[in-house]
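The chain contents come next:
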Amino acid sequence: MTNWKPNSWKGKPSKHLPEYKDQDKLNNVLNELSNFPPLVFAGESRSLKEHLAKVSQGKAFLLQGGDCAESFAEFHPNNIRDFFKLFLQMSLVLTVSSGLPIVKLGRIAGQFSKPRSAPTENKDGVELPSYLGDNINSMAFDAKGREPDPERLLKAYSQSASTLNLLRAFSQGGFADLNKVHLWNMSFVKDKAKEKYQEIEQKVSDALDFMNACGITSENNRRLRTVNLFTSHEALLLPVEEAMTRIDSTTGEYHDTSAHFLWIGDRTRQLDGGHVEFCKGIKNPLGIKCGPTSDPEEIVKLTEVLNPDNEAGRITLIARFGHDKVQKFLPKLIQAIKKAGRNVIWSCDPMHGNTVKASTGFKTRPFENVISETKSFFEVHQSEGTFAGGLHIEMTGQDVTECIGGAQNITDKDLSDRYHTHCDPRLNASQALELAFLISGEIKKNSNFSKTSIKAAS
Ligand code: PEP
Ligand code: CO
């Protein structure tokens, strides 16, 4: 890209950006951020892209998940640890049953800003700006709190850095050792998911015994005791993404060093908009959310603009249609992408098209609809001969009551018990594990199927 600069987005219309009253204060903070160390290194993003290229060939599966919005209130080492445990458990379930390596991508260490459906919120006749994420304003419903405050960006940077630091320590320091699978369990995961997980533990333990007998142990083999965990968030708050974008000294290319992977949301993927303009110039792997309102030809065009060389691993299409719409709309999108010969990874977000309001007033997601969209996603790919390569979910390692249904049979009335999310309702650990079990069988079927059809076609 010849004339692209990290601030080129400023010449384009950009939706969902906050208006800061004190521009000088904002500029000072952004200037500070632009001198802070990168959170990730460009070489790591390149490595993620290579892993994702494998997913696009049906040789690996992508698991992406975490909070809808990270918050200052929920920032605690135990929460990070429990997220990590659950992510490892889900990955293990998926690997053991599908036989594929799992690319682990957290929605974490930077997932703060949110696009909102309405710019203002009304409570008892009082109207205030909507909550936009902890790095912008406060969830508390008062005029001062809802004013965007640039200082929050510094706190979010610091939280992201220490979250990532702990995740790196867990990933590399022995916690992820396959000999410790039993330690990843969460005490409140009961019933079916727990029993099924124990079966997996046994299988892993047998496999490790076998490898041990062959002389392969976690002491002499790094891959048995470490994992790669990558980070991602929505590239929404462009001034911050710009400040974190640096030239990689080893290649001379621009990388957004705030995360390994960035995605463009369903509400900001306009071809002529600032978010697309920004993402064009960074070399990170990218996601594009697609839903019932996306025109297949426009998505094809987006993949061309964002990936002119049709590089494998660069683009992940994150489908979030809703359980009742996926069968109708997804085939048309797949066909358009296939016809245009675009290289993409297909990932299923069964969360964002299934948000409803419970009778008790809480925003929730019926677990059965999450399951149903996921199943349909796999079925559609099966009949189109394409590889359903990923799952994108909002989840937490905590025992929250935010999505109804699942093995604990959470009802509308139970939602108020432990409803902690700062934005959308998340799957709790039991529900997330149940979902992992459900799709592991589907991945295996689908990967065999698409390999056969790829062979037949060639
Ligand atoms: C999200 O992932 O939290 C989100 C806002 O999703 P979408 O852009 O798909 O609505
Ligand atoms: Co969300």
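Quick caveat: nothing in here was measured; it's all calculated off a predicted structure. (Residues numbered from 1 in each chain as written. Chains lettered and ligands numbered in written order. Predicted model: local features only at pLDDT ≥ 70, side-chain atom pairs only at ≥ 80, totals over all residues. Heavy atoms only, no water.)

Attention shifts here to the overall build of the protein. In terms of regular secondary structure, the protein is built from 11 helices and 14 strands. In summary, the protein has a C-alpha radius of gyration of 21 Å against a globular reference of 23 Å for 458 residues, a match within 12%. For the protein, the spread of C-alpha atoms along the principal axes amounts to about 65 × 50 × 45 Å. For the protein, with 458 residues in total, the buried portion stands at 56%. For the protein, the proportion of contacts with a sequence separation of at least 24, taken over those separated by at least 6, is 77%. Looking at the protein as shown, the accessible area adds up to about 19200 Å², and 50% of this sits on carbon and sulfur atoms. Between the averaged position of the 57 positive side-chain charges in the protein and that of its 56 negative side-chain charges there is a distance of 4 Å. (Helix = DSSP H or I, 4+ residues; strand = E, 2+ residues; numbered from the N terminus. Rg over C-alpha atoms; globule rule 2.2 N^0.38 Å. Buried < 20%, exposed > 50% of the residue type's maximum accessible area, 1.4 Å probe, protein only. Contact = heavy atoms within 4.5 Å. Areas by Shrake-Rupley, 256 points an atom, 1.4 Å probe, with all protein chains shown as cover. Lys, Arg positive; Asp, Glu negative; His and termini not counted. Charge placed at Lys NZ, Arg CZ, Asp CG, Glu CD.)

In this section: a negative patch on the surface. A cluster of acidic residues, Asp272, Asp295, Glu297 and Glu298, forms a negative patch at the surface. On the secondary structure map, Glu297 appears in helix H8 (residues 296–306). (Patch = residues over 30% accessible without salt bridge, like charges linked within 9 Å, V, L, I, M, F, W, Y side chains within 5 Å. Salt bridge = Lys/Arg side-chain N within 4 Å of Asp/Glu carboxyl O.)

Turning next to the pairing of strand S3 (residues 120–123). Where S3 meets strand S4 (residues 126–129), four bridges bridge the pair, whose relative direction is antiparallel. Along S4, the bridge assignment pairs Lys123 with Val126. The hairpin turn running from S3 into S4, its antiparallel successor, is two residues long, and Asp124 in that turn takes a positive phi close to 45°. (Pairing = 2+ DSSP bridges.)

Let us look at the packing of helix H3 (residues 77–98) against helix H4 (residues 151–172). Following both chains from N to C, one finds H3 and H4 inclined at 45°, their axes separated by 10 Å at the closest point. In terms of orientation, H3 and H4 fall into the oblique class. The interaxial crossing formed by H3 with H4 has right-handed handedness. Mapping the contact onto sequence places Pro77, Ile80, Arg81, Phe83 and Phe84 in H3 and Thr163, Leu166, Leu167, Phe170 and Ser171 in H4. Its residues assigned to classes, the contact of H3 with H4 comprises seven nonpolar, two polar and one charged. (Axes fitted to C-alpha atoms, helices over the stretch in contact; angles between N-to-C directions. Parallel < 35°, antiparallel > 145°, perpendicular 65-115°, else oblique. Left-handed = near helix turned anticlockwise from the far one by under 90°. Nonpolar A, V, L, I, M, F, W, Y, C, P; charged D, E, K, R; others polar.)

Each pair of aromatic rings is reported with the distance of its centres and the angle of its planes. Taken as a whole and assessed by the stated rule, the structure comprises 11 aromatic pairs. On the basis of an interplanar angle of 50° and a centroid distance of 6.1 Å, the ring pair of Trp4 and Phe278 is categorised as tilted. Of this pair, Trp4 sits in the segment before helix H1 (23–35) while Phe278 sits in helix H7 (residues 274–281), and the two are 274 residues apart along the sequence. On the basis of relative accessible area, Trp4 is assigned to the buried category, the value being 4%. Taken together, Trp4, Tyr254 and Phe278 form an aromatic cluster joined through their ring pairs. (Phe/Tyr/Trp six-rings, centres within 6.5 Å; stacked < 30°, edge-to-face > 60°.)

With that out of the way, let us pick up the site of ligand 1. Around ligand 1 lies a shell of 13 residues, among which Arg107, Lys114, Asp266, Lys289 and Arg320 are the nearest. Lys289 places a side-chain nitrogen or oxygen 2.8 Å from an oxygen atom of ligand 1. Protein contact buries 99% of the 300 Å² of open area that ligand 1 shows by itself. For the shell around ligand 1, the residue count by class is three nonpolar, two polar and eight charged. (Near = heavy atom within 4 Å. Polar contact = N/O pair within 3.5 Å; in protein donor to acceptor, adjacent residues only side chain to side chain.)

The next point concerns the environment of Asn212. Counting through the fold element by element, Asn212 comes out in helix H5 (residues 191–213). Looking at Asn212, the relative accessible area reads 43%, which means it is partly exposed. Along the backbone, Asn212 and Pro350 are 138 residues apart, and their C-alpha atoms lie at a distance of 39 Å.

What follows concerns the coordination of the cobalt ion (ligand 2). Protein-derived coordination of the cobalt ion (ligand 2) comes from Cys68 (SG), His352 (NE2), Glu394 (OE) and Asp424 (OD), at a distance range of 2.1 to 2.4 Å. Going along the chain, you hit the donors of the cobalt ion (ligand 2) in the pattern C-x283-H-x41-E-x29-D. A residue pair is termed long-range when its members are at least 10 positions apart, and Glu394 in strand S14 (residues 388–394) and Asp424 in the loop between S14 and helix H11 (429–457) qualify at 30 residues. Asp424 shares its class with Glu394; the two are buried. (Donors = N, O, S within 2.8 Å, 3.2 Å for Na, K, Ca; no water.)

So, on to the confidence of the model for the protein. Looking at the protein, the pLDDT average stands at 94 and 97% of residues meet or exceed 70. Per-residue pLDDT, averaged within each element of the protein, yields its smallest value for H11 (77) and its largest for strand S8 (residues 261–264) (99). (pLDDT = per-residue confidence, 0-100.)

Note that Phe61 resides in strand S1 (residues 61–66). Measuring from C-alpha to C-alpha, the distance between Phe61 and Lys104 comes to 8.8 Å, with 43 residues separating the pair along the chain.

A complete count under the given rule lists 23 salt bridges for this structure. A salt bridge links Asp266 to Arg269, with the shortest nitrogen-to-oxygen separation between them at 2.6 Å. Here Asp266 and Arg269 have matching classes, each one buried. Three or more residues are tied together by salt bridges with common partners; here these are Arg107, Lys363, Arg365, Glu394 and Asp424.

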